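Commentary on secondary and tertiary structure
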Amino acid sequence: MVPEESPSGKNVQRREATEKLPGFREERKAVEMLAEGTLKGRTAVVTGGGTGMGLAMAKEFARLGANVVIASRKQEVLEEAAEAIRAGAAKGAAVAWYTVDVRQHEAVEEVAAKVSERFGNAQILVNNAAGNFVVPASQLSVNGWKAVIDIVLNGTYFCTHAFGTRLLEAGERGSIINMVASYAWTGGPGTVHSAAAKAGVLSLTQTLAVEWGMQGIRVNAISPGPIEETGGAERLFSVPEVAKAVSDDVPLRRFGRPEEIAWAASYLASDYAAYVNGACLVVDGGAWLNKGFVKLFEQR
């Protein structure tokens, strides 16, 4: 059968068939990926764990049986998030929170010591705390540059060092997950500070994967695409027309969901990923590969 073509040259049947695929421009019911108890007996620390992707990851870790510690700068956000995490936590999984500014290495060390005293060394660390805003490089102030570099790159290193060295000293295994972005290797207008910082985090991930992997600590990264309900997407794509253009550039034709990042993180933290080390798992619906070719293809 020859597909029907519209006057504009678009392949109508191909488009209609594609739009019927599961997950194409529609909401799907969330499903549980790993079984409860997968992370039982472990302690997971999530920086920036009070909102967005951090909160989603913390909830999933708790559902899987891990003790969960969330950390960020705002106490009121942490208190509310902790209650939400407890509501879905597996039986016996404890939830705690600490206020910390990841830019302050002494404060990070203090939190790491408190976590170790209460739960033992944390076997899972997610460096999720971040700062970003879109600005042309020519208009970026020195303070703006330092703020993002301090949170994203320095903060990731401070937390990794504080929690990781405790595992090394005790001879314990662990999993560290760093959050990056595809513009760390592609670049992107308006993100010179964040792109530079994320590129540093990606290099840190790969370097420690080799250095610490020999001692039983796996270090990996996740590169999310535009994710809904996180605050970040809303700030970066606040204009409806821009948001639609961004989602249309994703081959899967939608924004990602926080739980999809949580599933990726839970996999990397689990024994199912015991041989995964130094990897960057891109969870963006293929957006970074598109480069605008999807629209050209559809117009054929």
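Everything quoted here is computed from the prediction, not taken from an experiment. (Residues numbered from 1 in each chain as written. Predicted model: local features only at pLDDT ≥ 70, side-chain atom pairs only at ≥ 80, totals over all residues. Heavy atoms only, no water.)

1. Let's talk about the pairing of strand 3 (residues 95-99)
Here strand 2 (residues 67-72) runs beside strand 3; their pairing, made up of five bridges, is parallel. Opposite Ile70, over in strand 3, you have Trp97 as the bridge partner. In this region the chain leaves strand 2, passes through helix 3 (residues 75-87) and returns to the parallel neighbour strand 3; the handedness of that crossover is right-handed. (Pairing = 2+ DSSP bridges. Helix = DSSP H or I, 4+ residues; strand = E, 2+ residues; numbered from the N terminus. Right-handed = clockwise from strand over helix to strand, strands pointing away.)

2. Topic: unusual backbone geometry
Located in the positive-phi region is Arg253, a residue other than glycine, with phi close to 60 degrees. If you trace the backbone, Arg253 turns up in the loop between helix 9 (240-248) and helix 10 (258-269). Classification of Arg253 as buried rests on a relative accessible area of 6%. (Buried < 20%, exposed > 50% of the residue type's maximum accessible area, 1.4 Å probe, protein only.)

3. What to know about the packing of helix 2 (residues 52-63) against helix 3
Contact pair helix 2 / helix 3: the axes reach a minimum separation of 8 Å and the direction vectors enclose 35 degrees. When the axes of helix 2 and helix 3 are compared, the crossing they make is right-handed. Across the interface between the two elements, Leu55, Ala58, Lys59 and Ala62 from helix 2 touch Ala81, Ala84 and Ile85 from helix 3. A breakdown of the residues in the contact of helix 2 with helix 3 according to their chemical character gives six nonpolar, no polar and one charged. (Axes fitted to C-alpha atoms, helices over the stretch in contact; angles between N-to-C directions. Left-handed = near helix turned anticlockwise from the far one by under 90°. Contact = heavy atoms within 4.5 Å. Nonpolar A, V, L, I, M, F, W, Y, C, P; charged D, E, K, R; others polar.)

4. A word on the environment of Glu260
With respect to the element layout, Glu260 can be found in helix 10. Here the alpha-carbon distance between Glu260 and Pro224, two residues 36 residues apart in the chain, equals 9.4 Å. A distance of 2.9 Å separates a polar side-chain atom of Glu260 from the backbone nitrogen of Arg257. (Polar contact = N/O pair within 3.5 Å; in protein donor to acceptor, adjacent residues only side chain to side chain.)

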